[in-house]
Amino acid sequence: MKTKFNRYYLFEFSYFDGEYDVTFNIVDVDFDRQTVTVAITRAGRISQDTYDLMRDGDGSLYFEYGRFYENKIVLNDFQGVR
């Protein structure tokens, strides 16, 4: 499983939530517990949170983000920072 984790470590994804640009950086992926921990930068503030990982119909891993968890953030959309 460590190889799978290394695939995502510190990868970044930017998302516009309707008000601010939000940047996610993957800190940890726990495949045993099916969770992902991300550093979230929004409106100049940095926080860290852990979300449950789910699979969609295509088998892609994702987590739900937002006040009502209405936004689907797919791990395959994250890219390495250059």
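Residues numbered from 1 in each chain as written. Predicted model: local features only at pLDDT ≥ 70, side-chain atom pairs only at ≥ 80, totals over all residues. Heavy atoms only, no water.

So, the overall build of the protein chain
Along the backbone of the protein chain there are one helix and seven strands. Ordered by position from N to C terminus, the α and β elements of the protein chain give α-β-β-β-β-β-β-β. Going through the 82 residues of the protein chain one by one, you find that 37% of them count as buried. Considering only residue pairs separated by 6 or more positions, the protein chain has 23% of its internal contacts joining residues 24 or more positions apart. With an accessible surface of roughly 5,700 Å², the protein chain has 44% of that area assigned to carbon and sulfur atoms. (Helix = DSSP H or I, 4+ residues; strand = E, 2+ residues; numbered from the N terminus. Buried < 20%, exposed > 50% of the residue type's maximum accessible area, 1.4 Å probe, protein only. Contact = heavy atoms within 4.5 Å. Areas by Shrake-Rupley, 256 points an atom, 1.4 Å probe, with all protein chains shown as cover.)

Here's the deal with the side chain of N25
Summarising the element assignment, N25 is placed in strand 2 (residues 21-30). At a separation of 3.3 Å, a polar atom in the side chain of N25 contacts the side chain of E12. (Polar contact = N/O pair within 3.5 Å; in protein donor to acceptor, adjacent residues only side chain to side chain.)

Some words on the environment of Y9
By the secondary structure assignment, Y9 is in the loop between helix 1 (2-8) and strand 1 (12-16). Along the sequence, Y9 and I26 sit 17 residues apart, while their C-alpha atoms lie 5.7 Å from each other. Not counting residues up to four positions away in its chain, the partners in contact with Y9 are I26 and V27.

Side note on the sheet that holds strand 3 (residues 35-42)
If you trace the four strands from one edge of the open sheet to the other, you get 1-2-3-4, paired in antiparallel fashion. Looking at the sheet topology across the chains shown, the edges are occupied by strand 1 and strand 4 (45-52). Averaged over all pairs of adjacent strands, the angle between their axes in this sheet comes to 30°, without regard to strand direction. Of the pairings in the sheet, the one linking strand 3 to strand 4 comprises eight bridges and is antiparallel in character. Its bridge partner being in strand 4, I40 is matched across the sheet by S47. (Pairing = 2+ DSSP bridges. Axes fitted to C-alpha atoms, helices over the stretch in contact; angles between N-to-C directions.)

A closer look at the sheet that holds strand 6 (residues 61-65)
On the basis of which strands lie adjacent, the open sheet formed by three strands has the order 5-6-7 and antiparallel pairing. The open sheet has two edge strands, strand 5 (54-55) and strand 7 (71-74), and neither has a second partner. Bridging between strand 5 and strand 6 involves two bridges; their strand directions are antiparallel. When the bridges of strand 6 are listed, M54 appears paired with Y62.

Topic: unusual backbone geometry
Unusually for a residue other than glycine, Q34 sits at a positive phi of about 60°. Relative to the helices and strands, Q34 resides in the loop between strand 2 and strand 3. In this structure Q34 comes out as partly exposed when scored by relative accessible area, which is 32%. The backbone of A43 shows a phi angle near 55°, a positive value even though the residue is not glycine. Within the secondary structure, A43 is located in the loop between strand 3 and strand 4. The partly exposed category is assigned to A43, whose relative accessible area is 44%.

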